[in-house]
Amino acid sequence: MDPVPLEPSTSVVSVPHQPPSAHTEPDVQGLSAGGDSGAMSQNTEVDMKEVELNELEPEKQPMNAASEAAMAMAVAGAEKNGLVKIKVAEDEGESAATAKFTGLSKEELLKVAGSPGWVRTRWALLVLFWLGWLGMLAGAVVIIVRAPRCRELPVQQWWHTGALYRIGNLQAFQGPDGGNLAGLKGHLDYLSTLKVRGLVLGPIHKNQKDDIAETNLLQIDPSLGSKEDFESLLQSAKKKSIRVILDITPNYKGENSWFSTQVDTVATKVKDALDFWLGAGVDGFQVRDVENLANASLFLSEWQNITKSFGEDRLLIAGTDSSNLQQIVSLLESTKDLLLTSSYLSKSSFTGEQTKVLVTKFLNTIGNHWCAWSLSQAGLMTSFLPAQLLRLYQLLFFTLPGTPIFSYGDEIGLQTAALPGQPVEAPVMLWDESSLPNMPESISANATVKGQNGDPGSLLSLFRRLSDQRSKERSLLHGDFHALSSGPGVFSYIRYWDQNERFLVVLNFEGANLSAKLGPSDLPATASLPARVNLLLSTKPGREEGASLELEHLNLEPHEGLLLRFPYVA
């Protein structure tokens, strides 16, 4: 009987685990006899090596995913070539030892999860979660309820947020080469560096001295430009966030600003001018010398109504040479949102005690009415102040509640008496040495805009810093004011708003070193003074800004003003 040939693709022989020496040469020959004796090749030799590897001790075999994959590929290749693959059986003990835990099945997990113990645990965790969440919610509500409420912010218009800058004489402001509306556009960049909010311009209308028939409030003086020049100026100023207030004081070149004998005719001209220029895009008006206007309160009220009819953001400014507080208050009471400039502060003796009395009395009298701060309705500060007090009054005006109003040149301390041949009310602005061809030797280059521009200790630099600081701080913008008791010659007060940073201003009006000796003076608990404060700036160079100063031993140099700050503490 013929021997039955082996099926190479399916035969697998399982043998007990033996050491390599147990295999004999006849066994190998027997396996080869079932096939073609001439078919022994390189593939057969590789398969025999695999048999030897399978017979190695388990601890010497590489047990990783890569080797298992390689062996599977080798088996597949061997079967395709008709070779017999021998699989070596492992000891049952070792198989049990190397068995891996595969975890619980889905059915087993569901069974365990539904057990009473796990159910109680889940309910306990759920209850704890919600109790914790409700506890945090209750804590947040308590914090909100007990926390101090934020104070409602007041309604503020643009003139509440910064200073106004007066240019009464275009030719004097621009220099000896003449001045007009077109030339004024070139100085708007400079006004932007001062961070002023409004430009009080003029008067610039056609006015024949003391001749009401030749006075036209609707026509610009041809020597200053045209209506088109004025409209171009308005657009340029608007792009730089500078509002334009037009002065329409009728007889500004004459003896009496209001043509005293023809009040009704003047009043009609003013009403027509208000409608005309509001339509042209101006942001407000100024009228001066209202003490010479009969029934001034009545007219101001009527003009204010016309101005406000174009929008609540339109402003009316009235100016008077009066220093009488009762007259000033009577004008303010007649209109809402009227700004009034006067000579009230210029009658001071310029001591710390006198300044404190005037300021506090004025604020207490006008109540909640928004006020303006200036030394006059049109003149320069140097016309009233000694030079050593200019820095103090800049600090004073920028930190009092109200709108500070300056005339051109106040930022550099422009002097009137030092400019020979120039009118007192309109000295030439000192841009640089060329502003006055024959500049007196008493005037140095440091008195010009160019000379002060790069000097951090100059009056111009102080003006810019104060203007910038006021525009950013709520306590200075609309905060409460409280005067403090202090030593002789010193005027000090605090500005504070709700939970914002507080500011303390200390001014030494004397020409000697003084100790501030600050006292609370019935200061509210929300604005109580701390033991130490930080120095924001001094009107005199040399102090280290940001330094912590002890209030109990606060000393000031002659004519020095300090702007100090400290945080709100609940």
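Residues numbered from 1 in each chain as written. Predicted model: local features only at pLDDT ≥ 70, side-chain atom pairs only at ≥ 80, totals over all residues. Heavy atoms only, no water.

Participant: Now, about the overall build of the protein: what can you tell me, with residues and values included?
Facilitator: Helix and strand counts for the protein come out as 18 helices and 18 strands. Here the contacts in the protein between residues at least 6 apart in sequence split such that 68% fall between residues at least 24 apart. (Helix = DSSP H or I, 4+ residues; strand = E, 2+ residues; numbered from the N terminus. Contact = heavy atoms within 4.5 Å.)

Participant: Tell me about the sheet that holds strand S13 (residues 502-508), and please be specific about residues and values.
Facilitator: The antiparallel open sheet is built from six strands, whose spatial order is S11-S12-S13-S18-S15-S16. For this open sheet the edge positions go to strand S11 (480-484) and strand S16 (548-550), each flanked by a neighbour on one side alone. Along the sheet, successive strands turn relative to each other by an average axial angle of 35 degrees, direction set aside. Pairing of S13 with strand S18 (residues 561-566), which is carried by six bridges, proceeds in the antiparallel orientation. Along S18, the bridge assignment pairs valine 505 with leucine 563. (Pairing = 2+ DSSP bridges. Axes fitted to C-alpha atoms, helices over the stretch in contact; angles between N-to-C directions.)

Participant: Account for the environment of glutamate 552, with residues named and values stated.
Facilitator: Along the chain, glutamate 552 falls in the loop between S16 and strand S17 (555-556). Taking the C-alpha atoms as reference points, glutamate 552 and alanine 516, separated by 36 residues in sequence, lie 8.3 Å from one another.

Participant: Report on the UniProt feature "transmembrane region" (unreviewed entry) in the protein, specifying residues and quantitative values.
Facilitator: Taken from the UniProt record, the annotation "transmembrane region" (unreviewed entry) applies to residues 123-145. With 100% helix and 0% strand, the stretch residues 123-145 has end C-alpha atoms that lie 33 Å from each other. (UniProt positions renumbered as here; feature names shortened; annotations may be inferred.)

Participant: Break down the nonpolar core for me, with residues and values.
Facilitator: Tyr165, Tyr190, Phe230, Tyr393 and Met429 are the most contacted members of the largest nonpolar core, which has 105 residues in total. The biggest single contributor to this core is helix H11 (residues 263-280), with nine residues. Discounting chain neighbours no more than four positions away, the residues touching methionine 429 are Tyr165, Ala172, Phe173, Tyr190, Tyr408, Gly409, Glu411, Ile412, Leu414, Ser435 and Val449. In terms of nonpolar packing, the next biggest core, distinct from the first, is built from 18 residues, Ile494, Ala516, Val533 and Leu551 among them. (Core = buried A, V, L, I, M, F, W, Y, C linked by side-chain atoms within 4.5 Å. Buried < 20%, exposed > 50% of the residue type's maximum accessible area, 1.4 Å probe, protein only.)

Participant: Just give me the short version of the pattern of salt bridges, but keep the residues and values in it.
Facilitator: What the rule picks out here adds up to 15 salt bridges. When the shortest N-O distance is used, the salt bridge between aspartate 283 and arginine 243 registers 3.1 Å. Placement of the pair is aspartate 283 in the loop between H11 and strand S6 (284-287) and arginine 243 in strand S5 (residues 243-247), with a sequence separation of 40 residues. (Salt bridge = Lys/Arg side-chain N within 4 Å of Asp/Glu carboxyl O.)

Participant: Pulling in residues and values, what's your account of the pairing of S13?
Facilitator: Counting buried positions along S13 gives seven out of seven residues, so the element sits mostly inside the fold. Burial along S13 is two-sided: Arg502, Leu504, Val506 and Asn508 and Phe503, Val505 and Leu507, pointing in opposite directions, are all buried. Counting the residues in the hairpin turn of strand S12 (residues 490-496) and S13 gives five residues, including aspartate 498, whose phi is positive at 50 degrees.

Participant: How would you summarise the environment of alanine 237 if you had to cite specific residues and measurements?
Facilitator: Summarising the element assignment, alanine 237 is placed in helix H10 (residues 227-239). A residue is classified by how much of its surface remains accessible, and alanine 237, at 1% relative accessible area, is buried. Setting aside anything within four residues of it in sequence, one finds alanine 237 in contact with Leu188, Ile242 and Val244.

Participant: Which residues make up the packing of aromatic side chains, and what values go with them?
Facilitator: Going through the model one piece at a time under the given rule, you end up with 22 aromatic pairs. A ring pair is formed by tryptophan 130 and tryptophan 133, whose centres lie 5.9 Å apart and whose planes are at 75 degrees; its orientation type is edge-to-face. Taken together, the residues tryptophan 130 and tryptophan 133, both in helix H6 (residues 116-146) and three residues apart, mark about one turn of the helix. Look at tryptophan 130 and you get partly exposed, because its relative accessible area is 44%. With 5.2 Å between their ring centres and 80 degrees between their planes, phenylalanine 398 and phenylalanine 463 make a pair best called edge-to-face. Taken together, the residues span a long stretch of sequence, with phenylalanine 398 in helix H15 (residues 390-399) and phenylalanine 463 in helix H17 (residues 459-472) at a distance of 65 residues. When sorted by exposure, phenylalanine 398 lands in the same class as phenylalanine 463, which is buried. (Phe/Tyr/Trp six-rings, centres within 6.5 Å; stacked < 30°, edge-to-face > 60°.)

Participant: Outline the environment of phenylalanine 509, supporting the account with residue identities and numerical values.
Facilitator: For phenylalanine 509, the location among the structural elements is in the loop between S13 and strand S14 (514-515). Along the primary structure phenylalanine 509 and threonine 351 are separated by 158 residues, whereas in three dimensions their C-alpha atoms are 5.6 Å apart. Filtering out sequence-adjacent residues up to four positions away, phenylalanine 509 remains in contact with Phe350, Thr351, Gly352, Thr355, Leu389, Leu392, Tyr393, Gly489, Phe491 and His559.

Participant: Describe in detail the packing of H15 against H17, supporting the description with residues and values.
Facilitator: What describes two packed helices is the angle between their axes and the distance between those same axes. Remark: H15 packs on H17, axes separated minimally by 10 Å, with the N-to-C direction vectors making an angle of 10 degrees. The orientation of H15 with respect to H17, classified from their angle, is roughly parallel. The residues of H17 that touch H15, namely those facing Leu390, Arg391, Gln394, Leu395 and Phe398, are Leu459, Leu462, Phe463, Leu466, Ser467 and Arg470. The residue inventory of the contact of H15 with H17, partitioned by class, reads seven nonpolar, two polar and two charged. (Parallel < 35°, antiparallel > 145°, perpendicular 65-115°, else oblique. Nonpolar A, V, L, I, M, F, W, Y, C, P; charged D, E, K, R; others polar.)

Participant: Tell me about the pairing of strand S2 (residues 198-201), residues and numbers included.
Facilitator: Alternating residues of S2 divide into Gly198 and Val200 and Leu199 and Leu201, and every residue in both groups is buried. Note: strand S1 (residues 164-167) against S2, four bridges, orientation parallel. The residue of S2 that forms the bridge with isoleucine 167 is leucine 201.

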